[in-house]
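This is what each chain is made of:
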Amino acid sequence: MPTPETGVDTARDGGKPRLARFLPLVSLAVFAAGIWVLHSALAGHDIGEIVSGILRHPPGQIVLAVCFTGASYTLLMGYDWLALHHLGKSLPLGRVAATSFVSFAVGLNLGAAALTGGSLRLRMYAAAGLSAIEVGAVIAFLLLATGLGLGTLAGATLLIETPAVFAAAGIPLWSARTLGAVFLGAVAGYFVLALLRRRPIRIFGYEVRVPGFGISLAQLTVSVADIGFAAAVLFVVLPPEANLSFVAFLGLFVVAATAGTLSNVPGGVGVFEAVIVLLLPAAPTDVLLSAMLTYRAIYYFLPLLLAGGLLSVLELRTAKVVLPVRVAGTLLAARFVAPQVLGTLTFLAGALLLLSGATPAVATRVAFLRDVLPLSLLEISHLLASAVGFTLLILGRGLYRRLNAAWWLSIAGLSAGVALSLAKGFDYEEASILGVILVLLLPARRAFYRHASLMSPTLTPGWLTAIATAVLASFWVGAASFRQIPFSDGLLIDFAFAGDAARFLRASLVVAAVAGCFAFWRLLSGGAPRLAAVDAASEAAAAAIVAASPDPNAKLALTGDKRFLFSDTGRSMIMFGVAGRSWISMGDPIGPRDEWEALLWRFRELSDRHDGRIVFYQIDEEDLGLYADIGLTLLKIGEEADVPLADFSLQGGARAKLRQTMKRAGRAGATFAVAMPPHSPAFMAEVRAVSDRWLADKNTAEKGFSVGRFSDRYLADQPLATVKVGAQTVAFTNIWTGRAGGEFSIDLMRHTQDAPDGIMDFLFVSLMLWGKEQGYASFSLGVAPLSGLAVHPLAPTWQRLGAAVYRHGEYFYNFEGLRHYKEKFDPVWRPKYIAAPPGLALPQILLDITRLISGGVRGLLVR
């Protein structure tokens, strides 16, 4: 059996890196700058005391902070509800609430909540029937609402706050006032636009409908209230030395939150804290950082833990429990995002182990361990805990990708983390957190079904940035914790129960070694691969999958112009071609549907290593959610005509014209026959002569990719339907047969110029009657391009443009005439879609598809 990436070798590709690949370096540089600010501000402070300060907050403060967090997340749900109301979409409140809560809980921890939570919204809202474009509109609405709130609060604070605050932070008064006026002016301008503008605004070729004044006012209200409650969570745990009113602090909070978001650092870690420290120089830095750690634990980590709990409760429900349909739909949608939530929690568990290994242990607990554990076990536990922590950072990505092996290894890693946390310093708080995440992960076994290798997923730049941030943060925390201890060669071999600094140094070396091995493996795995020729083994494996497929269109895999990506089992595949940067799959994957999702991700990973973009051409509507889940935009490109055969006949008034056509062809001497393979050389010579005359008469060249081309090898194993007039063959087509009792179709349709009028009608009707006799349920007449696209003024630009071409593009192609021709057979029309990356590359993608079909640039110039 061929390997899953048959036809691909590992030589490097000469592609140039995109500018976006440098963004992680910018994020790391910003993170390093924030760490430098914190490091300077923490001179003389004890990191261990800062961490333990979390536990010293009065219970009343914690309860109040939790209540404010609940209020903020409730208001966050209002963003989604308003967005759906603006789009005219009505969904159950429970589904909206679950989608918003889970998406924001993950997004806030990863940074840029509306965008990073966008994939979760796409998955959950797609299950509720929303299109990818509509989900994109929801995300844009959230970003706009957040911008309105931040702009209003920042502007108001800069205008009305006392000069003393700006002076303490080193901000010139005139610049603060000017910037505040700019912010409020932008918000006011938006409201004027919302009040006066009725038509959509065109931005980069897209039309954006501005929310009305009422919805805009609701956006602003919800956003300001949400940001206010989020700021209140931190405000209630601030030290008294901050000596700020809530209004003054709100402005500083907005500045820090904006800086953290713009930094692109996951969760704004380090950047948010550095800005707060700079803007509050009067407050003790150690107590201030302790308050911010408490804020992150309550506002960030606690909701994420609750989201994981929600999903685990869902998995634990028994089949005997009958839930209301609306509730069941909400929970089913939530299940789609369990891997992302649990992957994020596992990543944070790894970061917690790394940070724990970089801070001093509690002396009383180490004294207790001295009496019950040998020193060697404590030392080994410390080293292993850090190694397990780094491993969990990597496994978080595997859980994101629903990998079976990642689930098993995460269970093992979290279990080991619990034991090691107790053994290295009796950190029962840390062990409890890891244990909770372990308990949440256990019931979700069914969500991790992919059997791909852990080595195969591509770590995205964003994920690599998150891993690097966690590792660097642990190194800095350790360096800051033990800055008073001189580091020397002898420290590395200093083994003692009180040797926290030595243990940190050894653990850092272990993490660096593991990270170095991982990076070295990544380098050895090669850069972007170069495509190689498809071999005979791949062709044989593809032919076996096609033979087992019920879809007649699978026969396109046999045309000789495709490459193949096989599943691990070898039972399914994607057939594709490459043009420019576009990796274009012809139709849906072929094979068992339960393997499709894993195969789609594999295809995306493979194209990503080539710096390519994946495209799926002429896919059906049944599984559009899978394409949305891998980040593609769905666009309707036409409709396929399927003729049901159970009731097909030439009887009745509606078939009068077809009966007349059949009679005229019969009087002209036309006869129909189906020749089954193998075909004799003489017979193939007859049909080749028809094909050559057809190409010459049409002054066209052979096409490919979405259609076959005449070759003895391609047609050798397929039934051929012919029409003869006397002894001369005047028309033929090859028949694509699927599963008995299913659908069949045709590919090449060629005839001579001197064939009798109506010969193709005669051929089609004869084929349908033949198929009915053979027991087939339907006959596909193929796709009518651009048919059935929306013409409503508020429809997407692509659909309205396509509909205009359909109506007025006769000069280039008889779109409307083709639809009318197929209508005479009373087909059922099935929509066909293209799934492509969002953005402005669609014209280039369509050109690449045309190049594949036309056989290259030369084919574009030859009809």
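Analysis parameters
Chains are numbered independently. Their residues run from 1 in the order of the written sequence. Local features in this predicted model are restricted to residues of pLDDT 70 or higher, and side-chain atom pairs are both shown and tallied only at a pLDDT of 80 or more, whereas totals for entire chains, interfaces and linings draw on every residue. The basis for every side-chain value is the complete set of non-hydrogen atoms in the structure, without hydrogens or water. Numbered from the N terminus, helices here are DSSP runs of H or I no shorter than four residues, and strands are runs of E no shorter than two. Only protein chains enter the accessibility calculation, which uses a 1.4 Å probe; a residue whose area is less than 20% of its type maximum is buried, one above 50% is exposed, and one in between is partly exposed. Working rule for contacts: check all heavy atoms of both residues, and any pair within 4.5 Å makes them a contact. For the accessible areas, the method is Shrake-Rupley and the probe is 1.4 Å, while residue cover comes only from the protein chains on display. In these notes, a set of buried Ala, Val, Leu, Ile, Met, Phe, Trp, Tyr and Cys residues joined through side-chain atoms within 4.5 Å is what counts as a nonpolar core. Pairing of aromatic side chains here covers Phe, Tyr and the six-membered ring of Trp, requires ring centres within 6.5 Å, and sorts the geometry by plane angle: under 30 degrees stacked, over 60 edge-to-face, intermediate tilted. In this analysis the charged atom, NZ for Lys or CZ for Arg, is taken to sit over a ring once it is within 6 Å of the ring centre and within 35 degrees of the ring normal. A side-chain nitrogen of Lys or Arg and a carboxyl oxygen of Asp or Glu constitute a salt bridge if their distance falls within 4 Å. Multiplying 1.5 Å by the residue count of a helix minus one yields the expected span of that helix. Inter-axis angles, ranging from 0 to 180 degrees, are taken between N-to-C directions of lines fitted to C-alpha atoms, where helices are fitted over the stretch in contact. Comment on the angle field: the value is read as roughly parallel under 35 degrees, roughly antiparallel over 145, roughly perpendicular from 65 to 115, and oblique elsewhere. Left-handed is the label given to a crossing in which the near helix is rotated counterclockwise from the far helix by less than a right angle, and right-handed is the label when the rotation is clockwise. Note that Gly is not counted as nonpolar here; it falls among the polar residues with everything else outside the nonpolar set of Ala, Val, Leu, Ile, Met, Phe, Trp, Tyr, Cys and Pro and the charged set of Asp, Glu, Lys and Arg. How sure the predictor is of each residue is captured by pLDDT, a score from 0 to 100. By the convention used here, strands pair only if DSSP detects at least 2 bridges between them.

**Digging into the overall build of the protein chain**
Counting its secondary structure elements, the protein chain contains 32 helices and 15 strands. Within the span of the protein chain, comprising 863 residues, buried residues form 50% of the whole. Long-range contacts, defined as pairs at least 24 residues apart, comprise 75% of the intrachain contacts of the protein chain with a sequence gap of at least 6. Of the roughly 37600 Å² of accessible surface on the protein chain, a fraction of 66% belongs to carbon and sulfur atoms.

**A few points about the side chain of threonine 152**
Turning to its location among the elements, threonine 152 is positioned in helix α7 (residues 132–160). The buried category is assigned to threonine 152, whose relative accessible area is 17%.

**Describing the nonpolar core**
Considering soluble globular proteins, one finds that nonpolar side chains tend to be buried as a cluster. Of all hydrophobic cores here, the largest spans 106 residues; its most connected members are Leu234, Phe253, Tyr299, Leu345 and Leu393. For this core, the leading source of residues is helix α13 (residues 285–316), giving 13 residues. If sequence neighbours within four positions are ignored, leucine 393 has contacts with Phe347, Gly350, Ala351, Leu354, Trp463, Ile467, Ala470 and Val471. If you look at the next biggest cluster of nonpolar residues, it comprises 38 residues, including Ala554, Phe566, Met684 and Leu842.

**A closer look at the packing of aromatic side chains**
Tallying each qualifying case throughout the model produces 29 aromatic pairs. Between phenylalanine 576 and phenylalanine 603, the aromatic rings sit 5.1 Å apart at their centres with planes inclined by 55 degrees, giving tilted as the arrangement. A residue pair is termed long-range when its members are at least 10 positions apart, and phenylalanine 576 in strand β6 (residues 573–579) and phenylalanine 603 in helix α23 (residues 596–609) qualify at 27 residues. Just as phenylalanine 576 is buried, phenylalanine 603 falls in that class too. Through a chain of ring-to-ring contacts, the aromatic side chains of Tyr73, Phe101, Phe235, Phe246, Phe249, Phe253, Phe272, Tyr295, Tyr299 and Tyr300 assemble into a single cluster. In this structure, arginine 296 packs its charged tip against the face of tyrosine 300, placed 4.8 Å from the ring centre.

**As for the environment of phenylalanine 710**
Here phenylalanine 710 lies in the loop between α26 (681–698) and α27 (712–715). A relative accessible area of 8% places phenylalanine 710 in the buried class. The sequence separation of phenylalanine 710 and asparagine 734 amounts to 24 residues, and the corresponding C-alpha distance is 9.8 Å. Ignoring anything within four residues of it in the chain, the contact list for phenylalanine 710 reads Met684, Val687, Arg688, Ser691, Glu702, Leu715, Phe732, Leu748 and Arg750.

**Brief notes about unusual backbone geometry**
The amide bond that connects proline 677 to the next residue, proline 678, takes the cis arrangement and shows omega of 5 degrees. Summarising the element assignment, proline 678 is placed in the loop between β10 (670–675) and α26. Even without a glycine there, the phi angle at phenylalanine 426 is positive, about 50 degrees. Considering the arrangement of structural elements, one finds phenylalanine 426 in the loop between α18 (404–425) and α19 (428–441). You can call phenylalanine 426 partly exposed: its relative accessible area is 31%. Unlike most non-glycine residues, glutamine 618 shows phi in positive territory, near 60 degrees. In this fold, glutamine 618 is placed in strand β8 (residues 613–619). You can call glutamine 618 buried: its relative accessible area is 19%.

**Describing the pattern of salt bridges**
Applying the stated criterion across every chain yields a total of 19 salt bridges. We note a salt bridge from lysine 832 to glutamate 640, for which the minimum N-O separation is 3.3 Å. With lysine 832 in strand β15 (residues 828–836) and glutamate 640 in strand β9 (residues 633–644), this residue pair connects regions lying 192 residues apart in the sequence. The residues lysine 832 and glutamate 640 share a single accessibility class, namely buried. Between aspartate 826 and arginine 655 there is a salt bridge, with its nearest N and O atoms 3.5 Å apart. Here the residue aspartate 826 occupies a position in the loop between α30 (815–823) and β15, and arginine 655 occupies one in the loop between β9 and α25 (656–667), the gap between them amounting to 171 residues. Linked by salt bridges that have partners in common, Asp620, Glu640, Asp642, Arg830 and Lys832 make up one network.

**Regarding helix α11 (residues 246–262)**
Taking 1.5 Å of rise per residue, the 17 residues of α11 would be expected to cover 24 Å, and the 24 Å separating its terminal C-alpha atoms lies within 8% of that figure. Among all positions of α11, only Ala248, Phe249, Leu250, Gly251, Leu252, Phe253, Val254, Ala256 and Gly260 are buried. Backbone geometry just downstream of α11 places asparagine 264 in the positive-phi region, at approximately 65 degrees.

**What to know about the side chain of serine 386**
Topologically, serine 386 is positioned in helix α17 (residues 375–400). Once residues lying within four places of it in the same chain are set aside, the contact partners of serine 386 are Leu354, Gly357, Ala507 and Val511.

**A word on the packing of helix α15 (residues 338–357) against α19**
Taken N-terminus to C-terminus, the directions of α15 and α19 make an angle of 160 degrees; their axes are 10 Å apart at the nearest point. The orientation of α15 with respect to α19, classified from their angle, is roughly antiparallel. The handedness of the crossing between α15 and α19 comes out as left-handed. On the side of α15, the interface is formed by Leu342, Leu345, Thr346, Ala349, Leu352, Leu353 and Ser356, while α19 contributes Glu430, Ile433, Leu434, Ile437, Leu440 and Leu441. By residue class, the composition of the contact of α15 with α19 is ten nonpolar, two polar and one charged.

**Points about the confidence of the model for the protein chain**
Residues with a pLDDT of 70 or more make up 76% of the protein chain, whose mean pLDDT is 77. Of the regions scoring below 50 in pLDDT, residues 801–815 engages in 22 contacts with residues more than four places distant in sequence or in other chains. Every residue in residues 856–863 scores below 50 in pLDDT, and together they form 14 contacts with partners more than four places removed in sequence or on other chains.

**With respect to the pairing of strand β11 (residues 720–725)**
Pairing of β10 with β11, which is carried by six bridges, proceeds in the antiparallel orientation. Bridge assignment links threonine 671 to a residue of β11, and that residue is lysine 724. The pairing of β11 with strand β12 (residues 728–737) spans six bridges and is antiparallel. Within β12, the position partnered with threonine 722 by the bridge is phenylalanine 732. Two successive antiparallel strands, β11 and β12, enclose a turn made up of two residues, where glycine 726 displays a positive phi of approximately 70 degrees.

**A closer look at the packing of α15 against α18**
Two packed helices can be described by the angle between their axes and the distance between those axes. Direction vectors running N to C along α15 and α18 enclose 25 degrees, while the axes themselves pass 11 Å from each other. It follows that α15 is roughly parallel to α18 by the angle criterion. Regarding α15 and α18, the two cross each other, and that crossing is left-handed. Two secondary-structure elements touch here, α15 through Thr346, Ala349, Leu353, Ser356 and Gly357 and α18 through Ser410, Leu414, Gly417, Ser421 and Lys424. When its residues are assigned to classes, the contact of α15 with α18 shows three nonpolar, six polar and one charged.

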